[in-house]
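The primary structure of each chain is shown beneath.
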Amino acid sequence: MSQIEEFNEYRTRMNERIMSYDNKVIKRFFNLDTNTYMEGSLDVKTKEMLGLVASMVLRCDDCIKYHLGKCFEEGVSDEQVFEVFSIANLVGGSIVIPHFRRAVEYWEELKAQESAS
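Residues numbered from 1 in each chain as written. Predicted model: local features only at pLDDT ≥ 70, side-chain atom pairs only at ≥ 80, totals over all residues. Heavy atoms only, no water.

Observations concerning the state of the cysteines
Working step 1: Here the structure, examined in full by the defined rule, presents one disulfide.
Working step 2: Across a sulfur-sulfur distance of 2.4 Å, Cys60 and Cys63 are joined as a disulfide pair. Note on the Cys60 and Cys63 pair: the S-S dihedral is about 65°, so by sign convention the disulfide is right-handed.
Working step 3: A residue is classified by how much of its surface remains accessible, and Cys60, at 25% relative accessible area, is partly exposed.
Working step 4: You can see Cys71 has no disulfide; the closest cysteine sulfur is in Cys63, sitting 13 Å from it. (Disulfide = S-S within 2.5 Å. Buried < 20%, exposed > 50% of the residue type's maximum accessible area, 1.4 Å probe, protein only.)

A few points about unusual backbone geometry
Working step 1: The phi torsion at Asp22 lies on the positive side, around 55°, for a residue other than glycine.
Working step 2: A relative accessible area of 55% means that Asp22 is categorised as exposed.
Working step 3: In this model, Arg59 sits at a positive phi of 60°, which is unusual for a non-glycine residue.
Working step 4: Looking at the element boundaries, Arg59 is found in the loop between helix H3 (44-58) and helix H4 (61-73). (Helix = DSSP H or I, 4+ residues; strand = E, 2+ residues; numbered from the N terminus.)

Scope: geometric values only; no functional claims are made or implied.
Okay, here's the thing in structure tokens:
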């Protein structure tokens, strides 16, 4: 199983489990997150790139994978994603570099998976 399939399967399974507890606050938080990334004054592509920068600076590998997947779906190019990586490294400093490495690996796997389809 690829790391993309593993990540997406785990995320889906655990989100379903979390929602099964029917906690109003958690449901509202998840809804807020969903609505934040919808089309608005900023397009979805821009919002996902912003989410990717924030995720890298906060050093959340799961968040980075999620936003990379969304950026890929939104048609972000290699050049654009590397500009996003540049901003994240500049803002976050050298502590972001290990997450940057894993982000590049995941991005390349997203592209390889598409090519194999």
